[in-house]
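Take a look at the letters that make up each chain.
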Amino acid sequence: YQLRVTPGLSVRWPGYPTGHFAYSPLWSIVIDVGGGSGESRMRLSDPNVAKLVEARNTGTMEHSRLVRVQHAAEGSRQFHVQPLRPGRTQVIVEDANQLDAASHVINASFFPI
């Protein structure tokens, strides 16, 4: 094993620090994750409220629009969260390659405005 020093996770999203988002199944929220070992992963506590969406090889998304972070960190990893229905879920960001690293939890809500 080889140990290396890495910075802590930096997690940002549109409207940071609030986790309240307008619900629209045609929009996805881009969550920007920087720092750490570069091997961060994300999961959702309630997959019935929202899902993670991947970019396809063609560069298009399964949905029509993205709400992005202004001034995303260089070299950061971006996760796309698409709401499926109004409700609340926890967005959990982890970096398993960092020793003693705590998960970053976003208490997200998606409700119509």
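Undergrad: Quick rundown of the overall build of the chain? Include the residues and the values.
TA: Along its length, the chain carries zero helices and nine strands. When its helices and strands are written in sequence order, the chain yields β-β-β-β-β-β-β-β-β. For the chain, the residues scored as buried account for 37% of the 113 residues in total. In the chain, the proportion of contacts linking residues at least 24 apart, taken out of those at least 6 apart, comes to 74%. Looking at the chain as shown, the accessible area adds up to about 7400 Å², and 49% of this sits on carbon and sulfur atoms.

Undergrad: Which residues make up the side chain of Ser76, and what values do they have?
TA: Counting through the fold element by element, Ser76 comes out in the loop between β6 (65-67) and β7 (77-83). On the basis of relative accessibility, which here comes to 18%, the residue Ser76 falls in the buried class. A polar contact of 2.4 Å, which involves the side chain of Ser76, links it to the side chain of Asp32. In contact with Ser76, other than residues within four places in its own chain, are Asp32, Val33 and Gly34.

Undergrad: Before we move on, could you go through the sheet that holds strand β8 (residues 87-94) and cite the residues and values that matter?
TA: The four strands are arranged β2-β9-β8-β4 in an open sheet whose pairing can be described as mixed. Edge positions in the sheet fall to β2 (20-22) and β4 (41-44), since each of these pairs with one other strand and no more. Ignoring which end each strand starts from, the neighbouring axes of this sheet average 30 degrees apart. As paired elements, β8 and strand β9 (residues 104-111) share seven bridges and run antiparallel to each other. Paired with Gly87 across the strands is Phe110, a residue of β9.

Undergrad: An account of the environment of Arg43 is needed here, citing residue identities and associated values.
TA: With respect to the helices, strands and loops of the structure, Arg43 is situated in strand β4. Looking at Arg43, the relative accessible area reads 42%, which means it is partly exposed. C-alpha of Arg43 to C-alpha of Val93: the two residues are 50 residues apart in sequence and 6.7 Å apart in space. Separated by 3.3 Å, the side chains of Arg43 and Glu94 make a polar contact.

Undergrad: Describe the pairing of β9, naming the residues involved and giving the relevant values.
TA: For β2 and β9, the ladder comprises three bridges, and the chain directions are parallel. Bridge assignment links Ala22 to a residue of β9, and that residue is Phe111.

Undergrad: How would you sum up the pattern of salt bridges? Please name residues and give values.
TA: Opposite charge on two side chains allows them to pair when their charged atoms are near. Within this structure, the stated rule accounts for three salt bridges. For the salt bridge of Glu94 with Arg41, the shortest nitrogen-to-oxygen distance reads 3.5 Å. A residue pair is termed long-range when its members are at least 10 positions apart, and Glu94 in strand β8 and Arg41 in strand β4 qualify at 53 residues. The class of Arg41 is partly exposed, set by a relative accessible area of 46%. When the shortest N-O distance is used, the salt bridge between Asp46 and Arg85 registers 3.9 Å.

Conventions and cut-offs
Residues numbered from 1 in each chain as written. Predicted model: local features only at pLDDT ≥ 70, side-chain atom pairs only at ≥ 80, totals over all residues. Heavy atoms only, no water. Helix = DSSP H or I, 4+ residues; strand = E, 2+ residues; numbered from the N terminus. Buried < 20%, exposed > 50% of the residue type's maximum accessible area, 1.4 Å probe, protein only. Contact = heavy atoms within 4.5 Å. Areas by Shrake-Rupley, 256 points an atom, 1.4 Å probe, with all protein chains shown as cover. Polar contact = N/O pair within 3.5 Å; in protein donor to acceptor, adjacent residues only side chain to side chain. Pairing = 2+ DSSP bridges. Axes fitted to C-alpha atoms, helices over the stretch in contact; angles between N-to-C directions. Salt bridge = Lys/Arg side-chain N within 4 Å of Asp/Glu carboxyl O.

Function cannot be read off these values alone, since they describe shape.
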